[in-house]
Amino acid sequence: METVLKLEVEKQFVQISERVKSVDFHPTKPWILASLYSGTVCIWNYHSQTLEKSFKVAESPVRTAKFIARKHWIVCGSDDKFIRVLDYNTTEIVKEIEAHEDYIRSIAVHPTFPYVLSSSDDKVIKLWDWEKDWECARIFEGHSHYVMHSAFNPKDPRTFASASLDGTTKIWNIESSAPKFTWDAHSKGINCIDYFISNDKTYLITGSDDFTAKVWDYETNTCVQILEGHTNNVTAASIHPEVPIIFTASEDGTIRLWNASTFRLEKTLNYGLQRVWTIGHKKGSNQVAFGCDNGTVIVKINGSFGQDAVNC
C-alpha cells in the first residue's frame, strides 16, 4: 500500500530578502526566525506577513540562529566566531562569547537540558551550558575538516550526531570528548544531518556535496536508501515531525519531497529563489519553511496517508 495517497503543497508566505542561511519556527508564536548572510536576524510573523523584529547581530554572515523559547532567547552563530544570545522581548544581548577559532556553521538546542551545541570550521563541536553562565562544558574533537551540522538524538538525549566535510558522520556522547563511532558516509563532504523515528526504530539522514542524501539505520550503521536526483550539493535534509515526508534541499534550487516509508520521490518544488540552504518545521504543524539565496518561503503540506505511515 502506498503511504502517501495524496500530497498537496500550498504556498503560504514568501519574504524576499538577502541570502537566508537558517530558519527556525517558534514553538507557540506565529514566528519564523531567519538568519541572513548580511549579519542580520529577522523574525517574521507569517500570520500577519509582517516583520516582527530585526536585529543586526554581526558585520559578518550569521549562518545559524535558533529560538530558545523557554528562555525567550535567540542564539546565533556567525562568521566572526561569536555566539550571541539575545532576548527577543527586550532585544538586549544576554551573552556574547568568542566561541570558536573559525566560522560557526550550526547550532543545536537541546530539547530539555540547558545545552547548546555549536559546530565550526575549526573542526570541533562545543557544548555550552547556559545554566552555568554559558560555560563550555565539553569540546568534541575528531573531525578532520569543517563540521557543518550537528543534531541531538530524540530517543537518547545524551547523544548526538555530527556531519563534516571530511565525508564522515560521527556519533557522540555528551559525556565524552571522543566519538562513539564513525561512518564513512559519503564520497564528498556532508552538509547536514537529522534523526527520524520510524516504527520505534531510529534512523539518520545525511545530505552531501556528492548530490545525494542517504538514510541510515542507526542500530546497524548501514545505509538503507540513497536519495538521488539533485543536480548540485544537498544543503539540508530532514523529516517532518507531523507528516511522513523527507525533505531535501539543494544548491540546484529545488526542494524534493520523499515518501519516508517507501523513499519514493513524491514531489519537486522550485520557488525561483535560487539556491536553497535550510529547512525548518515544528511539532504540531504541517508547515515547512525554506531559506534561499533570495528569501524565505513557508508552505503547508496537505496529505492523506496510509496505515503504514512513518510514526514521526
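The name given to the protein chain in an unreviewed UniProt entry is Coatomer, beta' subunit, with the source organism recorded as Melia azedarach.

Next up on the list: the sheet that holds strand β6 (residues 62-68). Read across the open sheet, the four strands follow the order β6-β7-β8-β9; overall the sheet is antiparallel. Taken across any chain shown, the strands that pair with only one partner, and hence form the sheet edges, are β6 and β9 (93-98). In this sheet, neighbouring strand axes are inclined to one another by 15 degrees on average, regardless of whether the strands run parallel or antiparallel. Both strand β8 (residues 82-87) and β9 contribute to a ladder of five bridges, which runs antiparallel. Residue pairing for β9: Leu86 is matched across the bridge by Ile93.

Take the environment of Ala289 next. Along the chain, Ala289 falls in strand β27 (residues 287-292). Between the C-alpha atom of Ala289 and that of Ala58, which follows or precedes it by 231 residues, the distance is 24 Å.

Tallied over the entire structure, the rule returns twelve salt bridges. The closest approach of N and O atoms between Asp217 and Lys201, which form a salt bridge, is 2.7 Å. Residue Asp217 is located in strand β20 (residues 213-217), and its partner Lys201 is located in strand β19 (residues 201-208); the two are separated by 16 residues in the primary sequence. Since its relative accessible area comes to 34%, Lys201 is described here as partly exposed. As a salt-bridge pair, Arg275 and Asp293 come within 2.7 Å of each other at their nearest N and O atoms. In this pair, Arg275 sits in the loop between β25 (265-269) and β26 (276-281) while Asp293 sits in the loop between β27 and β28 (295-305), placing the two residues 18 residues apart along the sequence. Here the residues in one salt-bridge network are Arg19, Glu251, Arg275 and Asp293, joined through shared partners.

This part covers the environment of Lys123. Inspection of the secondary structure assignment puts Lys123 in the loop between β11 (115-120) and β12 (124-129). With 41 residues separating them along the chain, Lys123 and Ser164 place their C-alpha atoms 8.2 Å apart. Every residue in contact with Lys123, bar those within four places of it in the chain, is listed here: Phe140, His143, Ser144, His145, Tyr146 and Val147.

Most of strand β14 (residues 147-152) sits inside the fold, with five of its six residues counted as buried. Following β14, the chain reverses through six residues before pairing antiparallel with strand β15 (residues 159-164).

Further remarks concern the nonpolar core. Phe247, Ile255, Leu257, Ile279, Val288, Phe290 and Ile301 are the most contacted members of the largest nonpolar core, which has 18 residues in total. For this core, the secondary structure elements donating two or more residues are β23 (245-250), β24 (255-259), β26, β27 and β28. Beyond its immediate stretch of four places on either side in the chain, Ile255 contacts Phe247, Thr248, Ala249, Lys267, Thr268, Leu269, Tyr271, Val276 and Phe290. In this structure, Val41, Val57, Val62 and Cys76 belong to the second largest nonpolar core, which totals 14 residues.

Cut-offs used in this document
Residues numbered from 1 in each chain as written. Predicted model: local features only at pLDDT ≥ 70, side-chain atom pairs only at ≥ 80, totals over all residues. Heavy atoms only, no water. Pairing = 2+ DSSP bridges. Helix = DSSP H or I, 4+ residues; strand = E, 2+ residues; numbered from the N terminus. Axes fitted to C-alpha atoms, helices over the stretch in contact; angles between N-to-C directions. Salt bridge = Lys/Arg side-chain N within 4 Å of Asp/Glu carboxyl O. Buried < 20%, exposed > 50% of the residue type's maximum accessible area, 1.4 Å probe, protein only. Contact = heavy atoms within 4.5 Å. Core = buried A, V, L, I, M, F, W, Y, C linked by side-chain atoms within 4.5 Å.

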